[in-house]
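Descriptive analysis of the structure
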Amino acid sequence: MAKRCDICGKGPVTGNNVSHSHKKSRRRWLPNLQRVRVVSEGQVTHQKVCTSCIKSGKIVKAA
C-alpha cells in the first residue's frame, strides 16, 4: 500500500531520531491519510486523502 495522498501527492519524509547523546537512527514521518468516499467525475469512489486536503476543501465528499 502506497502511503501517498491521491490528491496532492504528499508522501513519507525521512530523517533521523536524535538521542540525548546525539546518536542518530533513521526514521520516517508518514502523512495523515484517511480513506474517504469522494465524488470524482460523477462517480463515487474511495480515495486515500491527507487531512490537509480534506480541510482545505480540495475534495467533494459523497453523501
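So, here is what we can say about the structure in this document.

About the cut-offs
Residues numbered from 1 in each chain as written. Predicted model: local features only at pLDDT ≥ 70, side-chain atom pairs only at ≥ 80, totals over all residues. Heavy atoms only, no water. Pairing = 2+ DSSP bridges. Helix = DSSP H or I, 4+ residues; strand = E, 2+ residues; numbered from the N terminus. Buried < 20%, exposed > 50% of the residue type's maximum accessible area, 1.4 Å probe, protein only. Core = buried A, V, L, I, M, F, W, Y, C linked by side-chain atoms within 4.5 Å. Contact = heavy atoms within 4.5 Å. Patch = residues over 30% accessible without salt bridge, like charges linked within 9 Å, V, L, I, M, F, W, Y side chains within 5 Å. Areas by Shrake-Rupley, 256 points an atom, 1.4 Å probe, with all protein chains shown as cover. Salt bridge = Lys/Arg side-chain N within 4 Å of Asp/Glu carboxyl O.

Across 6 bridges, strand β1 (residues 13-18) lies against strand β2 (residues 24-29) in antiparallel orientation. Residue Asn17 lies in a different strand from β2, and its bridge partner there is Ser25. The hairpin formed by β1 and β2 contains 5 residues between the paired strands, and His22 there has a positive phi angle of roughly 70°.

Located in the positive-phi region is His22, a residue other than glycine, with phi close to 70°. Mapped onto the secondary structure, His22 falls in the loop between β1 and β2. Owing to a relative accessible area of 55%, His22 belongs among the exposed residues under this scheme.

What follows deals with the nonpolar core. Formed by Cys5, Leu33, Val36, Val38, Val49, Cys50, Cys53 and Ile59, the largest nonpolar core amounts to 8 residues. Residue assignment for this core shows that the elements contributing at least two residues are β3 (33-40) and β4 (43-50). In terms of residue count, β3 provides more of this core than any other element does, 3 residues in total. Residues within four places of Ile59 in sequence aside, it is in contact with Ile7, Val36, Val38, Val49, Cys53 and Ile54.

Together, Val39, Val44 and Val60 make up a nonpolar patch on the protein surface, roughly 240 Å² of accessible area in all. With respect to the helices and strands, Val44 occurs in strand β4. By relative accessible area, Val44 is classed as partly exposed at 47%.

Attention now moves to the side chain of Gln47. Tracing the backbone through its elements, the reader meets Gln47 in strand β4. Those residues in contact with Gln47 that lie beyond four places of it in its chain are Asp6, Ile7, Gln34, Arg35, Val36, Val38 and Ser40.

Moving on to the environment of Gly15. Structurally, Gly15 is set in strand β1. Spatially, the C-alpha atom of Gly15 lies 5.9 Å from that of Arg26, the residues being 11 residues apart in sequence.

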